[in-house]
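Geometric and topological summary
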Amino acid sequence: MTLEPTKPQDGVVLLHGISRTARSFRKMEIAIERAGYATLNVDYASRRKALQELVEDIDPAIELFAGALDGSVHFVCHSMGGLVARAYLARHRPRNLGRVVMLGTPNGGSEIADRLKRFPLYRTFFGPAGQQLGTRRDTTTAALLPPVDYPVGIIAGDRSIYPVAGALLPRPHDGRVSVANTGVDGMADHMVVHASHPWLVRNDAAIAATLAFLQDGRFTPGSARRVG
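Described in the following lines is the structure provided in the data block.

Rules behind the numbers
Residues numbered from 1 in each chain as written. Predicted model: local features only at pLDDT ≥ 70, side-chain atom pairs only at ≥ 80, totals over all residues. Heavy atoms only, no water. Axes fitted to C-alpha atoms, helices over the stretch in contact; angles between N-to-C directions. Helix = DSSP H or I, 4+ residues; strand = E, 2+ residues; numbered from the N terminus. Parallel < 35°, antiparallel > 145°, perpendicular 65-115°, else oblique. Left-handed = near helix turned anticlockwise from the far one by under 90°. Contact = heavy atoms within 4.5 Å. Nonpolar A, V, L, I, M, F, W, Y, C, P; charged D, E, K, R; others polar. Buried < 20%, exposed > 50% of the residue type's maximum accessible area, 1.4 Å probe, protein only. Polar contact = N/O pair within 3.5 Å; in protein donor to acceptor, adjacent residues only side chain to side chain.

1. What about the packing of helix α1 (residues 26-34) against helix α8 (residues 204-216)?
At a minimum axis separation of 10 Å, α1 and α8 run at an interaxial angle of 40°. Between α1 and α8, the crossing angle belongs to the class labelled oblique. Judged by the sense of rotation from one axis to the other, the crossing of α1 with α8 is right-handed. Between α1, through K27, M28, A31 and I32, and α8, the contact on the second element is made entirely by D204, I207, T210 and L211. The residue makeup of the contact of α1 with α8, split by class, is five nonpolar, one polar and two charged.

2. A closer look at the side chain of D189
Within the secondary structure, D189 is located in strand β6 (residues 189-193). With a relative accessible area of 14%, D189 lands in the buried category. In terms of polar contacts, D189 uses its side chain to reach the backbone amide nitrogen of F219, at 2.8 Å. In this structure, D189 is in contact with V152, G153, I154, F213, R218 and F219, ignoring residues within four places of it in sequence.

See below:
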């Protein structure tokens, strides 16, 4: 009897959004692990440092994780976590980089940040990185986020649980980011699910689509398959 060779195991780095923790990704993490991937669910000081500092903070753990994999290392990111990933990959791109999924990431910036970033309460709560989330980026922030040249799939939401903040955004939006501003030039695929910003990472359709993109590079319904 001839045994088929064991497939190399891929891994997935999960990066949460601003003011969130790794716990927010737990449902997604379990689904990804059940699909056969190794995971690294990173906690980082999203409210205390600027994007460029966060990149250096997460690098040691990601470098160790990626280096231990037989297969590719993918990234799944929520909200500002997608910007952290873009800045990270511009500076510390793993040789075995696979695919990247972003959920509710303000690639084009957030109009809410434009309106609120000068207010002391916003500045105190969201910290230095919160100042980098607007649609009008300074030279330093823009340089951190060069064009993507790797497979990126983007999931946006079109429901809001924030009636006041939602009034500041062009429709459709998820209460924090407009659907239009989640996109980025060079993305491989884009889809919209009926979910608000904080619940994107727990939305069943978004989780299924994430698994599909990690496997096939497209958000094809029902295309996700086990890799282990």
